[in-house]
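# Reading the structure
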Amino acid sequence: MTTMEREPYLDFLRAVSLVVVVLWHWAFTILHWTPTGPQPTNPLAYFRGLWVLTWFLQVLPVFFYVGGSVHLASWERARARGQSRRSYVWLHVKELVAPAGMLVLFWTTAGIVLAEAFGVRWIGGAVMLILSPLWFLAVYVGLLLLLPLMAWLHERFDILVLVWLAGAALLIDVLRLRFGWDAVSWVNVAAVWGLAYQAGFFHRRIVAASRHVAGTLLWAGLFALAGLVLSGLYPGSMVGVPGERMSNMSPPTFVIVALLAFQIGLCEMLRPAVERALAKPRRQRATAVFTRYALPLFLFHTTGMALARAVVYFGFDRHLADDRAPDWIWWAERPLAILGPLLFTVPLIALFRQRHAVHQAAHE
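Everything quoted here is computed from the prediction, not taken from an experiment.

## Re the overall build of the protein chain
Counting its regular elements, the protein chain contains 15 helices and 2 strands. Compactness check: the protein chain gives a C-alpha radius of gyration of 21 Å against a globular reference of 21 Å for 364 residues, within 12% of the reference. Considering only C-alpha atoms, the protein chain reaches an extent of 60 × 60 × 45 Å along its principal axes. Of all 364 residues assigned to the protein chain, the portion counted as buried reaches 45%. Sequence separation of 24 or more characterises 79% of the internal contacts of the protein chain that already satisfy a separation of 6 or more. Of the roughly 19,300 Å² that the protein chain leaves accessible, carbon and sulfur atoms contribute 68%.

## Digging into the pairing of strand β1 (residues 30–34)
Consecutive side chains of a regular strand alternate in pointing toward one face of the sheet and then the other. Both β1 and strand β2 (residues 37–41) contribute to a ladder of 5 bridges, which runs antiparallel. Each residue of the ladder has a partner; that of Leu31, found in β2, is Pro40. Counted along the chain from β1 to the antiparallel partner β2, the turn is 2 residues long.

## A look at unusual backbone geometry
Glycine aside, residues mostly have negative phi, and peptide bonds are mostly found in the trans state. Omega for the bond connecting Ser250 with Pro251 falls within 30 degrees of zero, at -5°, which places this linkage in the cis form. The phi torsion at Asp158 lies on the positive side, around 55°, for a residue other than glycine. Take Asp158: it is sitting in the loop between α7 (147–157) and α8 (160–177).

## Quick word on the nonpolar core
Phe64, Phe136, Trp193, Tyr197, Leu225, Met238 and Phe298 are the most contacted members of the largest nonpolar core, which has 85 residues in total. Ranked by residue count, the leading element in this core is helix α3 (residues 60–81), at 10 residues. Beyond its immediate chain neighbours, meaning those up to four positions away, Phe298 contacts Leu18, Val21, Val22, Pro133, Leu134, Phe136 and Leu137.

## Some points on the side chain of Gln58
With respect to the helices and strands, the residue Gln58 is situated in the loop between α2 (54–57) and α3. Taking the relative accessible area as the measure of exposure, Gln58 reaches 8% and is therefore buried. Polar side-chain contacts of Gln58 include one of 3.1 Å to the backbone oxygen of Met238.

## Brief notes about the environment of Pro148
On the secondary structure map, Pro148 appears in helix α7. Here the alpha-carbon distance between Pro148 and Glu76, two residues 72 residues apart in the chain, equals 9.8 Å. Not counting the four nearest positions on each side in its chain, Pro148 is found in contact with Trp75, Arg85 and Val89.

## Section: the pattern of salt bridges
If you walk through the whole model with that rule in mind, you get 7 salt bridges. In this structure, the salt-bridge partner of Glu7 is Arg204, at a minimum N-O distance of 2.6 Å. Here Glu7, found in the segment before α1 (8–28), pairs with Arg204, found in helix α10 (residues 203–208); they are 197 residues apart in sequence, far enough to count as distant. Using a relative accessible area of 12% as the deciding quantity, one classes Glu7 as buried. You can call Arg204 partly exposed: its relative accessible area is 37%. Where Glu155 meets Arg79, a salt bridge forms, and the shortest distance between an N and an O atom there is 3.2 Å. On the criterion of sequence distance, the pair formed by Glu155 in helix α7 and Arg79 in helix α3 is long-range, its members being 76 residues apart.

## Things to note about the packing of helix α6 (residues 135–145) against α7
Viewed as axis vectors pointing N to C, α6 and α7 meet at an angle of 60°, and their least axial separation amounts to 5 Å. As summarised for this structure, α6 and α7 are arranged oblique, according to the angle between their axes. Residues Leu143, Leu144 and Leu145 of α6 lie in contact with α7, whose contacting residues are Leu147, Pro148 and Met150. Looking at the contact of α6 with α7 residue by residue, the class counts come to 6 nonpolar, no polar and no charged.

Parameters and conventions
- Residues numbered from 1 in each chain as written.
- Predicted model: local features only at pLDDT ≥ 70, side-chain atom pairs only at ≥ 80, totals over all residues.
- Heavy atoms only, no water.
- Helix = DSSP H or I, 4+ residues; strand = E, 2+ residues; numbered from the N terminus.
- Rg over C-alpha atoms; globule rule 2.2 N^0.38 Å.
- Buried < 20%, exposed > 50% of the residue type's maximum accessible area, 1.4 Å probe, protein only.
- Contact = heavy atoms within 4.5 Å.
- Areas by Shrake-Rupley, 256 points an atom, 1.4 Å probe, with all protein chains shown as cover.
- Pairing = 2+ DSSP bridges.
- Core = buried A, V, L, I, M, F, W, Y, C linked by side-chain atoms within 4.5 Å.
- Polar contact = N/O pair within 3.5 Å; in protein donor to acceptor, adjacent residues only side chain to side chain.
- Salt bridge = Lys/Arg side-chain N within 4 Å of Asp/Glu carboxyl O.
- Axes fitted to C-alpha atoms, helices over the stretch in contact; angles between N-to-C directions.
- Parallel < 35°, antiparallel > 145°, perpendicular 65-115°, else oblique.
- Nonpolar A, V, L, I, M, F, W, Y, C, P; charged D, E, K, R; others polar.

So, in structure tokens, the structure goes:
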């Protein structure tokens, strides 16, 4: 069995995918206040032509693709060391579940206390908004639990596994869009994200192949995206937009399969230039910090955002919701929209890392 060490470019891609999600939430979340709490929207609800940008900014396919590649390499190294399947899976699941579980417990408890003690009726909606970005970590953990099985399928059936998952995703969309079986569409949470994760198992082959392979993936994915969207069956945006009849993300549609191919090709076409840019010593150190803190930043970014908006609400302006279409002032304020949540998130990351270090030391 061939094993491989961690690849800095993959770590960089995973960090970028997480940070893009964070910046999107901080900069482009627009809140509408309702009796059940804040309801989010984004500029795409006002400027529909901007949806093409989501083909580049919806980077969860890359996150799952990188996860599949990194985990397969890690699993192969663990098997070579003789580590048991249970030990390997538990170690990696714990790294994700522990901080996410702590966050869920904190906000669930806070929501119950505020609702019962102070009669804050909308707190449930606010808590759900804070915790909702964690959904894809739950899917990620599920795929990690299935890693040994998925690795076996990869060894046994190779690329056929991708064909089966893509076919399943397409058939699910047919049942949903042609026959109105909406409930079955949630099967695509497993099929589409499982496909993205399984595609990561082919990463080394794609890297070793001619750049024509990367170009083929890029153009095939781009043509498929354009064809599917322009067919009128699917919306153009790769994120949910209020007012659209459906979302390509909730649950995922076959369009995300095309997006995955496009983004894999794009990442591989950009690889040489990015690796040259990151090769300088100072940039290597900066990249190491960037990749180390990307996941904690993602975990706590909505908490920091909630605290920042609460300070503005209770201290300065009790008008958290903005029902106006974004104007030039709103666009000019986007750097400030990032700065506020960042200032509240950084101390949370520092506290988490300190407690994590203490916990690790206690178990050494």
